[in-house]
Amino acid sequence: MPQNLRLDKVGYINRDKKISFKFNGKKYFGYEGDTLASALLANGIHLIGRSFKYHRPRGFTGAGVDEPNAHVQLYSGAKTEPNVIATTVELVEGLVATSQNCWPSVSFDFGAINNLLNKFFPAGFYYKTFMWPKNFWYKIYEPIIRKAAGLGVAPLKPDPDRYEHKFEYCDVLIVGSGPSGLAGALAAAKNGARVILAEDKPRFGGSLLTDEVTIGNKKGKDWVDETISQLKSMPNVIVKNRSQVFGYYDHNMMVMSERTKDHVENSTEFTPRQKLWYIRAKEVIVSTGSIERPLVFGNNDRPGIMLASAAKEYMKVYGVLVGKKPIIFTNNDSAYDTAIEFKKNGIDPLVVDIRTNSESSVVQEAKNLNINIKFSHGIVNSKGYLRVNSATVGKLNDDRSGYESLENISCDCICVSGNWTPTVHLSSQSGNKLKFDEKINAFIPSKSRQNESTIGSANGSFTLKKSLEDGFSKGYELSNKITAKNIKGTTPTSNERNYAQHDKFWCMPLPKNKYYKRCVDFQNDVYVSDIELAVREGFRSIEHVKRYTTLGMATDQGKTSNLNGLQLVSNIENKIVPEVGHTTFRPPYTPVTIGAIVGREVGKHYRPTRKSPMHEWHEQNNAVFVDAGLWVRPRYYKQENETLLEAAKREATNVRKNVGVCDVTSLGKIDIKGPDCAEFLNRIYTNAWMKLPVGKARYGVMLREDGIVFDDGTTTRISENHFHMTTTTAQAVNVLAHLEYYLQVVWPELSVNVLSTTEQWAGAALAGPNSRNLLNKLFPEIDVSNEAIPFMGYKEANLFGVPARIFRISFSGELAYEINVESGYGIFMWEKIIELGKEMNIEPYGTEALSTLRIEMGHVAGSEIDGRVISSDLSLEGMLSKKKDFIGKRSLNREAFINPNREKIVGVVPLDKKSMIPEGSHLVSDNKASLPNPKLGHISASCWSVEYNNPFSLAILKDGKNKIGEKLYAVSPLKNKSIEVEIVSSHYVDPKGERVRS
Amino acid sequence: MLEIKCPYCGKRSQNEFSYGGDASVKRPQLGKETSDKEWNDFVYFRNNPRGKHSELWHHVAGCRQWFKVLRNTATHEIFKTSKISEEL
Ligand SMILES: [Zn+2]
């Protein structure tokens, strides 16, 4: 198919390389260097999608990131990507794109019936209509609305692509490579600054790609190419195209996404698709340019109606005519560039200009080319269904409230220009309070809160001369603050057309008895009538109008619509725009793929995995693992078809009967050294530490300042000025920070050092009546008797040549020891234990059996120390020293904490001795009481007691100690269970603690 | 993301640090009689100013030192950082 809309010689595409692609199932071709948008337009396709709410046919409006309509779905399956802006997609061989928000097809869309019913869908319609009945929202309204008013379809499979993160630092970051940005980059780079120049498009140059200008006697584009190659040759400069700086965060942290794969034909699976750059820049130059505003008139959202600058870009960059019978509709001079460009390429445009006349050189040039201009005219309405085919053009009456005459003029495209809006998004994100510039009728940056400077047309300077001057001077000034090299270049001379003042008139009145829809926000389908309605209904704040009408809330963030919306509100309210103010600009400036934000932190890389040195052994011995924070711990060692419960029972029984070994490496370990160690511990823990002898361990509980239990563990005095503290696995990190806080901030006079040694020691707990015999085999050279290593004793010994620490401590309530060796010897220790324990029927046990053993002994753990309990709630009041002060003590006499009816720890046994009570169940006195049923307590941990062969749970129960012997119900509405239970002591097994001392 | 100058390590990104609250809070001395009000003020009550705030930060993913930061809570401007032993 010949592309008779493609110009022969104009543009920067590569006509030697044809590229085929598919759109809505049909095959087309374009050229290397095309975007999906330019290739479709070259094939005469304007209709690309349907509008969000009313399913109105929509076409291309822009040629870049400002595009509000042309969203497509790319590819299918796991690779599919929704809501991609067709104007930013580079054409590659085999590209597959489909229209969104239409069914069954973009040219016959069932949802377009909404357009006929649009009287029923005004602003705030959803809020007003779908509120009642309340429960209809989730079940009926929401799913239907979602289906009808959707964007693209999210992929259901994991993203197969890779995304990288990169951190970079620079002196000056320049965002945007138009004339001011290039000038700024060149000046800063020559002055020795480390420079990053970022351009969102594939081609550098911004407006210089399309404007008829010269710089230093070169064509604009040639100056761009020369400047870019000069910058690229400098070692202090990073030049990046396809890179969108989308967020301006605190302390000049800039975030940029670079597209690295989609445009590359032969990429490998290891090529990252995008790179997210975190750039800390000492200075930022925002040279992001400006975006043309649409003019608003009847049915101004029809395919074929686009911005005049976009039409020019399609011609000059891609060699594509967007139509052959164009009407240019404008309130300013810049659109004449587009008219002249059409004329030069053999097309006769008609210019409809709201102004009575213009004397500028560009208008004179158009007149000289015999371009037909209708001054004092405006477009009133457009016609044509899937593509514009004519326009109603009216001669405005003197006060512009209506028309003197109307005529119908046929056309195949309408190129509109309502003047230019500086792209101030990044400047505003930096905390820059914007000010309204009357001359250009738009907001521009004023005072920066951070090291940010906005220049060029982003700052409202629309001439090339001023942009270049600002670029060179800012680039020098900012870089010189950093480098002080004083290398100042000269600004080259430039030549450009001159443009007269625009006319502020932008919204065409409706002719008598006509009610055309006039679109303000294309992407969110917001019309003049919606905004009028919102103001009529009393919405005054622009932020409220925005939310009520959804103006500017779509993924394009109102790039083309915000200012028109503001102007409309100010017109209706008879205010000036700065009084109305503007809504907040927030990052990201353009939509960012979730994958890029996540980067490589997916799957196993989502967070670190901590494994003990014995991990491989566990794997080889059928361990089933469980996450404990970052640690991966064996939950149980599966034998044949065992269930979790069966395995836990077997392992726990073997501990009670013989001996078991458990990997306790993950317990937090903190080395504490210094002459004031004992004093320090005495302040941190609730019990006394001054007199702990060398070679002895002690159980300790620490509180927060508000009296709540923080953590518990045993701490051992290794030598006079050296202690070894253990913490729970969960709180290890927080306990260290807590200790450091008190040592550094509160008591700097204490001479103590703390250091985490969690990963330096591998730990194995031996538990069970045979553990002493096993210890004897492991350490034949030392005396392991009860007298030599008593309960809470500590000894250093030699494990077949490996230095080891032996702690006689017990979490299981059995006779038990914990052996620590340096991590590298962990597996040696473990295998020795297994080998020598064989004759005593040793079995490894996991966290499930460990829990079983501690629960039936009534030892508390994380499920009881849940940030809500005080010592006495856990029957640990005996640990509270009366003789000394300690962290949190002063809080303990608070009224709530001395209340005798507080919740206390108790044991719970089901009356049927069979039913496992779900953890989290509530304890109530009447399981049939009407809701809300008063809660007396909750089940914190449950196990199958291997000692008594029935279920047993721990609970925190109101006035618990006085309820022992009572019968209550444990109810779990989640699990749909109600179990009658008896309250017993929390020390279910060996309440006197004889075994640990045996 | 803020850029914070650790007095020991220099400028680092915020994700290396954790926030530790108002630096002007003084813990009542251990073992000293403290009124309910004094204790409540210490445990529960903090000023929440808009503007300058002296606060503690902890370089958890660095030197593990606590230090002081004078920051504007509205703009995040950091005026000064100092060691605990120094005046801010
Ligand atoms: Zn540091």
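Residues numbered from 1 in each chain as written. Chains lettered and ligands numbered in written order. Predicted model: local features only at pLDDT ≥ 70, side-chain atom pairs only at ≥ 80, totals over all residues. Heavy atoms only, no water.

Draft legend 1. Structural context of the overall build of chain B. Each helix and strand counted, chain B has 1 helix and 6 strands in total. When its helices and strands are written in sequence order, chain B yields β-β-β-α-β-β-β. Summarising its shape, the C-alpha atoms of chain B cover approximately 40 × 30 × 20 Å along the three principal directions. Taking all 88 residues of chain B together, the buried fraction comes to 36%. Contacts in chain B between residues far apart in sequence, at least 24 positions, make up 41% of those at least 6 positions apart. (Helix = DSSP H or I, 4+ residues; strand = E, 2+ residues; numbered from the N terminus. Buried < 20%, exposed > 50% of the residue type's maximum accessible area, 1.4 Å probe, protein only. Contact = heavy atoms within 4.5 Å.)

Draft legend 2. Up close: the overall build of chain A. Helix and strand content of chain A: 23 helices and 50 strands. The principal-axis extent of the C-alpha atoms belonging to chain A is close to 115 × 70 × 55 Å. Relative to its 998 residues, chain A shows a buried fraction of 60%. Restricting to contacts in chain A with at least 6 residues of sequence separation, those with at least 24 account for 66%. Carbon and sulfur atoms form 52% of the exposed surface of chain A, whose accessible area is close to 41,800 Å². (Areas by Shrake-Rupley, 256 points an atom, 1.4 Å probe, with all protein chains shown as cover.)

Draft legend 3. Spatial organisation of the packing of helix 8 (residues 335–344) of chain A against helix 9 (residues 361–368) of chain A. Residues and elements named next belong to chain A. Where helix 8 contacts helix 9, the two axes come as close as 9 Å, and the packing angle between them is 25°. Considering the angle they form, helix 8 stands roughly parallel to helix 9. Classified by chirality, the crossing of helix 9 by helix 8 is left-handed. In this structure, helix 8 contributes Y336, D337 and I340 to the contact, and helix 9 contributes V362, V363, E365 and A366. For the contact of helix 8 with helix 9, the residue count by class is 5 nonpolar, no polar and 2 charged. (Axes fitted to C-alpha atoms, helices over the stretch in contact; angles between N-to-C directions. Parallel < 35°, antiparallel > 145°, perpendicular 65-115°, else oblique. Left-handed = near helix turned anticlockwise from the far one by under 90°. Nonpolar A, V, L, I, M, F, W, Y, C, P; charged D, E, K, R; others polar.)

Draft legend 4. Main features of the sheet that holds strand 40 (residues 761–767) of chain A. Residues and elements named next belong to chain A. Here 6 strands make up an open sheet; going across it, the order is 41-42-43-40-34-44 and the pairing mixed. Looking at strand neighbours, the two that pair on one side only are strand 41 (794–799) and strand 44 (843–844), the edges of this open sheet. As paired elements, strand 34 (residues 660–663) and strand 44 share 2 bridges and run parallel to each other. Paired with V661 across the bridge in strand 44 is P844. Contacting strand 34, strand 40, strand 41, strand 42 (802–807), strand 43 (816–822) and strand 44, helix 22 (residues 826–837) runs over the sheet at an angle of about 15° to strand 40. (Pairing = 2+ DSSP bridges.)

Draft legend 5. Representation of the coordination of the zinc ion within the structure. All names here are of chain B. Only C6 (SG), C9 (SG), H59 (ND1) and C63 (SG) from the protein reach the zinc ion as donors, at distances of 2.0 to 2.3 Å. Seen from the zinc ion, its 4 donor atoms lie at angles of 105 to 115°, and the figure they make is tetrahedral. Mapping the donors of the zinc ion onto the primary sequence gives the spacing C-x2-C-x49-H-x3-C. For C6, a relative accessible area of 1% translates into the label buried. (Donors = N, O, S within 2.8 Å, 3.2 Å for Na, K, Ca; no water. Tetrahedral: all angles 85-135°; square planar, octahedral: opposite > 155°, others 65-115°.)

Draft legend 6. Here's a closer look at the confidence of the model for chain B. Residue-level pLDDT values for chain B average 96, and 100% of them are 70 or greater. Across the interface, the model reports ipTM at 0.99; the global pTM reads 0.91. (pLDDT = per-residue confidence, 0-100.)

Draft legend 7. Fine view of the packing of helix 18 (residues 644–657) of chain A against helix 23 (residues 847–857) of chain A. Residues and elements named next belong to chain A. Between helix 18 and helix 23, the shortest axis-to-axis distance is 8 Å and the interhelical angle comes to 60°. The two elements helix 18 and helix 23 meet at a crossing, and its hand is right-handed. Between helix 18 and helix 23, the residues in contact are L644, A648, E651, A652, V655 and R656 and E848, A849, T852, L853, E856 and M857, respectively. For the contact of helix 18 with helix 23, a count of residues per class yields 7 nonpolar, 1 polar and 4 charged.

Draft legend 8. Inspection of the interface of chain B and chain A at higher detail. Chain B puts 27 residues into the contact, and the matching count from chain A is 25 residues. Across the salt bridge formed by B:E3 and A:R280, the nearest N and O atoms sit 3.9 Å from each other. Joining chain B to chain A, the criterion identifies 15 residue pairs in polar contact (both at pLDDT 80 or more). Counting residues per element, the side of chain B that touches chain A draws most heavily on helix 1 (residues 36–43) of chain B, at 5 residues. (Salt bridge = Lys/Arg side-chain N within 4 Å of Asp/Glu carboxyl O. Polar contact = N/O pair within 3.5 Å; in protein donor to acceptor, adjacent residues only side chain to side chain.)

Draft legend 9. Expanded view of the side chain of A:S940. Residues and elements named next belong to chain A. Among the secondary structure elements, S940 is positioned in strand 47 (residues 937–945). Polar contacts involving the side chain of S940 include one to the side chain of E864, which spans 2.6 Å. In this view, S940 contacts S863, E864, E919, L954 and A955; residues no more than four positions away in its chain are not counted.

Draft legend 10. Quick look at the pairing of strand 22 (residues 390–396) of chain A. All names here are of chain A. Of all 7 residues in strand 22, 6 are buried; the element is thus mostly enclosed. Across 6 bridges, strand 21 (residues 377–383) lies against strand 22 in antiparallel orientation. Bridge assignment links N381 to a residue of strand 22, and that residue is T392. Across 7 bridges, the pairing between strand 22 and strand 23 (residues 403–410) is antiparallel. Bridge pairing links L396 to Y403 in strand 23. Adjacent in sequence and paired antiparallel, strand 22 and strand 23 are bridged by 6 residues, among which R400 carries a positive phi angle near 60°.

Draft legend 11. Here's a closer look at the sheet that holds strand 21 of chain A. All names here are of chain A. Strand order in this open sheet of 3 strands is 21-22-23, and the pairing throughout is antiparallel. Strands at the two margins of the open sheet, each flanked by one partner only, are strand 21 and strand 23. Between one strand axis and the next, the sheet turns by 25° as a mean value, whatever way the strands run.

Draft legend 12. Quick look at the packing of aromatic side chains. Residues and elements named next belong to chain A. Applying the stated criterion across every chain yields a total of 21 aromatic pairs over all chains. Centre to centre, the rings of F29 and Y31 are 6.0 Å apart; their planes meet at 85°, and the pair counts as edge-to-face. Y31 shares its class with F29; the two are buried. Relative to Y988, the ring of Y948 has its centre 4.5 Å away and its plane inclined at 50°; by these criteria the two rings are tilted. One end of the pair, Y948, is in the loop between strand 47 and strand 48 (950–958); the other, Y988, is in the segment after strand 50 (977–984), with 40 residues separating them in the sequence. (Phe/Tyr/Trp six-rings, centres within 6.5 Å; stacked < 30°, edge-to-face > 60°.)

Draft legend 13. Summary view of the nonpolar core. Residue and element names in this part refer to chain A. Counting 107 residues, the largest nonpolar core has L36, F60, Y314, F329 and I414 as the members making the most contacts within it. Here this core takes 7 residues from helix 7 (residues 308–318), the largest share from any one element. Membership of the second largest hydrophobic core comes to 31 residues, among which are L775, L778, V784 and I834. (Core = buried A, V, L, I, M, F, W, Y, C linked by side-chain atoms within 4.5 Å.)

Draft legend 14. Summary view of helix 1 of chain B. Regarding helix 1 of chain B, the residues found buried are B:W39, B:F42 and B:V43. The buried side chains of helix 1 of chain B occupy one side of the element, clustering within an arc of 90° when seen end-on. (Arc of directions from axis to C-beta.)

Draft legend 15. Quick look at the side chain of A:S390. Residue and element names in this part refer to chain A. Position of S390 relative to the elements: it lies in strand 22. We classify S390 as buried; its relative accessible area is 6%. Only 3.4 Å separates the side chain of S390 from the side chain of N408, close enough to count as a polar contact. Discounting chain neighbours no more than four positions away, the residues touching S390 are N381, S382, K383, N408, I409, S410 and C411.

Draft legend 16. Geometry of unusual backbone geometry. Residue and element names in this part refer to chain A. P587 connects to P588 through a cis peptide bond whose omega is 0°. Looking at the element boundaries, P588 is found in the loop between helix 15 (577–580) and helix 16 (594–598). Going from L931 to P932, the amide bond is cis rather than trans, its omega being -5°. Assignment of secondary structure puts P932 in the loop between strand 46 (922–924) and strand 47. Despite not being glycine, N441 has its phi angle at roughly 65°, a positive value. Its place among the elements puts N441 in the loop between strand 26 (434–437) and strand 27 (442–445).

Draft legend 17. View of the environment of A:P587. Residues and elements named next belong to chain A. Along the chain, P587 falls in the loop between helix 15 and helix 16. P587 sits in the partly exposed class, given a relative accessible area of 31%. It is 26 Å that separates the C-alpha atoms of P587 and G59, two residues lying 528 residues apart in sequence. Beyond its immediate stretch of four places on either side in the chain, P587 contacts F246, G247, Y249 and Q429.

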